Each structure stands twice: as C-alpha cells, then as structure tokens.
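The primary structure of each chain is shown beneath.
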Amino acid sequence: MIAANFEYESPSELQEALALISSRPEAKPLAGGHSLLPAMKLRLASPGLLVDLGRIRGLDYIRQVGERIHIGAMTTHAEIAGSSLLRAASPLLLQAASEIGDVQVRNRGTIGGSLAHADPAADYPAAILALDAEIVAMSTRGERQIRARDFFTGLFTTALQPDELITEVRIPVTTPAGTSYKKFAHPASGFAVVGVAAVVRTKGSNIESAAIGVTGVAPSAYRAVAVEQALKGQPASAISNAVEHAADGIEAMGDYFASAEYRSHLAKVFTRRALEEAEAASRSRRK
Ligand code: FAD
C-alpha cells in the first residue's frame, strides 16, 4: 500500500515545529513513525503535511528532578527499557516498555508517539495511569500539564489539541513501592489483549495502597478503582477476592480473537498477577 501524497518538513527547533503544526489543520507530527506510517499506507490517515520531530534536539532524555523523573517525548521504548535510573527509582514504565513489540519497534517508537496515538491495546497507558503521571503539552499558545487520568478520552483519542505536541512525561519516584506490568500479548501482533500495571505500597504485613492501570480491555485504559479500594489496609491474601472487581463498570471490547467476556476474565487474572508481584517486590524492598 502506498500513502497519499503529503508535504514533509523536518525542523531543527521545537518552536518551528509548533508553528508548522499550528499553521495547517491537516499537519501531523511524525515521531518514530511506527503507528503513523502504517496508518498512512492503509489510508487511515492522510496528513497533508508531516512535521518530522526527529531533528529537534533536547526531546530525548530521562532525568530525575527532585522526586519526579522527566522523560522527553522523543525518548524511545528501548531507551526507557534500558534506563538504569528508571530501574532503580521507578521501574514500572521500564517494565511496560520492555513488553512493547520487538527490537525494531522499541528502537524507533517513542513514548510521545505512543501516548498521542492512544491505541487501546498499547502498553504505556496502563503504567502512565497507575503512576499518576503528568503529560506536558506545548503549542504556540504555551505549555500545560495534563494528568494521566484526564489524558485518555476514548478509542485513539486524547485530551491533546490538534496543534499541541507532547514534549515531556513526568512520573514519580516509586521506590520503595513495588511495581509490576503483566501482559497477555496477542500472538500475532504482540499488542496487549490485556495489560495490567500495578504500584503497591506495603506497611508491615498489609497493603497500604495499590494503584492499578488496565489496558486492552476497554476503548481506553482505565484505573481499576474498585480493586484499589478493596485492598486498602488489607493483607496480601485479600488480592484474590479484590481482583473480581477488575472490570467493574467497564464496557469491555470484544473481537474475533478475544470476546468481551474473555477480556474481562483476563483483566482479573492479570490484575492478580501484577498485584502479587508488586506486593512481593514492595515487601522485599522494605526488609
Ligand atoms: P508515530 O507513529 O510517529 O506517531 C503516532 C501518532 O502520534 C501520530 O498521530 C503522530 O502525529 C502523533 N505524535 C507523535 N509524536 C507526537 C508528539 N510528541 N506529540 C503529539 N503527537 C505526536 N505498541 C505497544 O504499546 N505495544 C506493542 O506491543 C506494540 N507492538 C507493535 C508492533 C508493531 C509491528 C508495530 C509497527 C508497532 C507496535 N506498537 C506497539 C506501536 C509502537 O509502540 C509505536 O511506536 C507507537 O505506538 C507510536 O510511537 P511512534 O513514536 O512510532 O509515533
């Protein structure tokens, strides 16, 4: 398949990119191209102007700022999966990045592109939600921060305005809390049929708090709030009952591979696995 004709710009400055994107309604940023280019070839997207972000310096970093870690939008999945800073201070995003696609996809795909694309089967959204991350969006009108729980608004849709670029993602330091990402990958595409990210804090022998993000089940990723509430102050033995609520209030998607009922079932199974691993990691860190 061949994409429809388009113009191409490759600015070296962020401000230039923002001006180009705001100049035409049919302009679209290009990051790793691993979602946008296939969509263009299938004619599911036909942007009149592609604004390549690849030459802009300073959008590719992972650094700690106080109790938060700032990640530039053009940071690749491979850089996140290999980050020693994330491994030590906030490993959940790294755990999710390691599960994305294959080596080629991880070497080209970026966190900004993945979040902006908001594929219902993408891995990062579960982790971004469980981490209560902030997404920094910039346009010629200025900068704003969007909370993760306000960012994903539906199937392939986000709170971003058409002229806004994601420039940074901010996540908290989570250690000594335990984290885990567990995924049931589609055997053909590798995308998440279900993916569950968990951050668990323990106090003594009980769970002080749990934050759980679920991807793949619904049109957009969600927090399993009922499970989180059921676990507050409870021992780890409460996990098996609490996970029964992993798809509460959710209209699960179904397709020829996994029915809505099967996806809801997998949400419970993978929520339990992620919680058990995160809880054990938290306890062993506190020893
Ligand atoms: P692009 O494809 O360049 O852009 C995607 C969209 O985001 C476009 O609409 C673009 O305009 C917009 N965009 C890009 N950057 C920005 C920005 N900074 N601000 C605002 N908008 C922006 N993903 C998973 O999560 N899990 C998987 O298992 C998985 N498997 C894959 C397997 C294959 C074979 C392929 C091809 C892809 C797979 N992906 C998977 C998707 C992959 O992670 C993509 O890289 C990612 O979804 C998009 O990132 P990108 O940098 O390539 O963005």
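Sequence order sets the numbering: in each chain, residues are counted from 1 along the sequence as written. It should be noted that, the model being predicted, local features are given only for residues of pLDDT at least 70 and side-chain atom pairs only at 80 or more, the latter also being counted only at that level, while totals for whole chains, interfaces and linings use all residues. Note that water and hydrogens are dropped before the side-chain values are worked out from all heavy atoms of the structure.

Below, the discussion takes up the domain arrangement of the protein chain. All the domain ranges listed were derived from an automatic or database domain assignment. Taken domain by domain, the protein chain holds domain 1 (7-51), domain 2 (62-172) and domain 3 (178-286). Each of domain 2 and domain 3 was reduced to a C-alpha centroid, and the two centroids are 20 Å apart. Should any heavy atoms of two residues lie within 4.5 Å, those residues are counted as being in contact. The partner domain 3 presents 24 residues to the 23 residues of domain 2 that form the contact. The term buried area means the drop in 1.4 Å probe accessible area that two parts suffer when joined, counted for both and summed. Across the interface of domain 2 and domain 3, roughly 1700 Å² is buried in total on both sides, 59% from carbon and sulfur atoms. The salt bridge criterion pairs a side-chain nitrogen of Lys or Arg with a carboxyl oxygen of Asp or Glu, the two atoms within 4 Å. In this structure, the connection of domain 2 to domain 3 is made through two salt bridges. Asp123 serves as the salt-bridge partner of Lys183, at 2.9 Å between the closest nitrogen and oxygen. Here a polar contact is taken to be a pair of N or O atoms separated by no more than 3.5 Å, where protein atoms must pair a possible hydrogen donor with a possible acceptor and residues adjacent in sequence count only if both atoms sit in side chains. The interface formed by domain 2 and domain 3 contains 11 residue pairs in polar contact (both at pLDDT 80 or more). The set of elements that each furnish at least two residues to the side of domain 2 that touches domain 3 consists of helix H5 (92-97), helix H8 (124-130) and strand S8 (152-154). Secondary structure follows DSSP: runs of H or I at least 4 residues long count as helices, runs of E at least 2 residues long count as strands, and numbering of each begins at the N terminus. For the side of domain 2 that touches domain 3, the leading source of residues is H8, giving five residues. Here the term charged refers only to Asp, Glu, Lys and Arg, the term nonpolar to Ala, Val, Leu, Ile, Met, Phe, Trp, Tyr, Cys and Pro, and the term polar to all other amino acids, Gly among them. Residues belonging to the side of domain 2 that touches domain 3 are distributed by class as follows: 15 nonpolar, three polar and five charged.

Turning to the pairing of strand S10 (residues 165-172), a few remarks are in order. Regular strands place their side chains on alternate faces of the sheet. The cut-offs for exposure are 20% and 50% of the maximum accessible area for each residue type, with area from a 1.4 Å probe on protein chains only; residues under the lower value are buried, those over the upper are exposed, and the others partly exposed. Most of S10 sits out of view: eight of its eight residues are buried. As paired strands, strand S5 (residues 68-72) and S10 are joined by five bridges and run antiparallel to one another. Within S10, the position partnered with His70 by the bridge is Arg170. Here, strands pair whenever DSSP counts at least two bridges between them. The pairing of strand S6 (residues 134-139) with S10 spans five bridges and is antiparallel. Within the sheet, the bridge partner assigned to Ala137 lies in S10 and is Ile166.

The next thing to look at is the nonpolar core. The set of buried Ala, Val, Leu, Ile, Met, Phe, Trp, Tyr and Cys residues whose side-chain atoms join them within 4.5 Å is what this entry labels a nonpolar core. With 43 residues, the main nonpolar core has Leu93, Leu115, Tyr124, Ile128 and Ile171 as its most contacted residues. Ranked by residues supplied to this core, first place goes to H8 with six residues. Inspection of this core shows a minimum of three residues originating in each of domain 2 (62-172) and domain 3 (178-286). Non-local contacts of Leu115, meaning those with residues more than four positions away in its chain, are made with Tyr124, Ile128, Ile135, Phe151, Phe152, Thr158, Ile166 and Val169.

Stacked, tilted and edge-to-face pairs are distinguished by plane angle, under 30 degrees for stacked and over 60 for edge-to-face with tilted covering the rest, among Phe, Tyr and Trp rings (Trp via its six-membered ring) whose centres lie within 6.5 Å. Scanning the entire structure with this criterion turns up three aromatic pairs. A ring pair is formed by Phe151 and Phe152, whose centres lie 5.1 Å apart and whose planes are at 90°; its orientation type is edge-to-face. Classification of Phe152 by relative accessible area gives buried; the value is 10%. Ring pairs connect the aromatic residues Phe184, Tyr262 and Phe270, which therefore count as one cluster. Both a distance and an angle decide whether a charge sits over a ring: NZ of Lys or CZ of Arg must be within 6 Å of the ring centre and within 35 degrees of the ring normal. Taking the ring centre of Phe270 as reference, the NZ or CZ of Arg273 above it sits at 4.8 Å.

A few words on empty space enclosed by the protein. A cavity, in this analysis, means grid points on a 1 Å lattice covering only the protein atoms where a 1.4 Å probe fits yet has no way out; a pocket is instead an open set bounded by protein on both sides within 12 Å along at least five of seven lines, and a residue lines either one if it has an atom within 4 Å of a point. Grid points are joined across faces, edges and corners, and a volume is the space filled by probe spheres set on the points. Across all of its chains, the model carries one cavity of 30 Å³ or more by this definition. Taken together, Ala118, Asp119, Pro120, Pro125, Phe152, Thr215, Ser220 and Ala221 form the lining of the largest cavity. Its residues assigned to classes, the lining of the largest cavity shows five nonpolar, two polar and one charged. If you count residues domain by domain, the lining of the largest cavity takes at least three from each of domain 2 (62-172) and domain 3 (178-286).

Time to look at the sheet that holds strand S3 (residues 49-52). If you trace the three strands from one edge of the open sheet to the other, you get S1-S3-S2, paired in parallel fashion. The outermost strands of the open sheet, each flanked by one partner alone, are strand S1 (7-9) and strand S2 (27-30). Between one strand axis and the next, the sheet turns by 25° as a mean value, whatever way the strands run. Where S2 meets S3, four bridges bridge the pair, whose relative direction is parallel. In the sheet register, Lys28 faces S3, and the bridge partner there is Leu50. Fitted lines through C-alpha atoms serve as axes, helices being fitted only where they are in contact, and the angles separating the N-to-C directions of these axes extend from 0 to 180 degrees. Relative to the sheet, helix H1 (residues 14-23) contacts S1, S2 and S3, its axis offset from that of S3 by approximately 165°.

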